[in-house]
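# Structural features, examined
What follows is each chain in one-letter form.
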Amino acid sequence: MADDDVKITPMGLEHLRQVRDLGRQVYDVTVKPYTSWSLTSIAEHLDTDEGACWVALVDDRVVGFVLGSMTFELRDDWAYLEWIAVAPEQQGKGIARRLVDVCCNALFAAGATRVVTDVEETNHASAALMERSGFTAATTVTLFTRANPEGPDEPAGVAPAAGSRRTLIRSGRLVGDKRS
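The present account deals with the structure reproduced in this document.

### What to know about helix 4 (residues 124-132)
Three or more residues of helix 4 are buried, namely Ala127, Leu129 and Met130. Down the axis of helix 4, the buried set is contained in an arc of 160 degrees. They therefore lie on one face. Helix 4 presents His124, Ala125 and Arg132 as exposed residues on the side facing more than 90 degrees away from its buried surface.

### Re the pattern of salt bridges
Following the criterion strictly, the structure yields 4 salt bridges and no others. For Asp21, the salt bridge identified is with Arg20, shortest N-O distance 2.9 Å. For Asp21, a relative accessible area of 37% translates into the label partly exposed. As a salt-bridge pair, Arg61 and Glu89 come within 3.0 Å of each other at their nearest N and O atoms. Note that Arg61 is positioned in strand 3 (residues 61-69) and Glu89 in the loop between strand 4 (78-86) and helix 3 (95-109), a separation of 28 residues in sequence. With relative accessibility at 44%, the residue Glu89 sits in the partly exposed group.

What counts as what
Numbers given for residues are sequential positions, taken from 1 along each chain in its written order. The model is predicted, so local features are restricted to residues of pLDDT at least 70 and side-chain atom pairs to those at 80 or more, both for listing and for counting; the totals for chains, interfaces and linings are taken over all residues. Water and hydrogen atoms were dropped before computing side-chain values, which therefore reflect all heavy atoms in the structure. Only protein chains enter the area calculation, which uses a 1.4 Å probe; residues under 20% of their type maximum are buried, those over 50% are exposed, and those in between are partly exposed. Numbering goes from the N terminus for both helices and strands, where a helix is a DSSP run of H or I of at least four residues and a strand is a run of E of at least two. Summarising the geometry, the arc corresponds to the directions from the helix axis toward the C-beta atoms. For this analysis, a salt bridge means a side-chain nitrogen from Lys or Arg found within 4 Å of a carboxyl oxygen belonging to Asp or Glu.

Listed below in structure tokens is the structure:
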């Protein structure tokens, strides 16, 4: 499939179901238990003014998406590229890189001095994508958990089930300000 066959366009309401379905296909939210994937989490991104949510389309089918926002922790000048996915059969064609670029450009145009994203440590393909897109490793945070001794036992090494999203400092990758 030629690069011209994939159209990058702003995400609209008509894309929500396909974005949700693709996200469910590619994300294992149990890896990062502070993360959840739902129609609500997608719609919250769409309900912003910075234009940082984009889809990659082949005909009318969503084959990739990126969701960004001007919200990162307590920093008004930092933005967050939170979700990016490309359908497995479309990976390796440069779609993710195009999505990262258009999202970051929209966030910088909205006033961001930095864009932050996080990548699960064993996701080498995403880490390489972010590095090729100008992101640099900045901070690593280890998520510590403590089981309730009165609760049910979980096998060693298994993360708790994904629940509601919590705000916490994530392992970050930053791009933007050349003073860093």
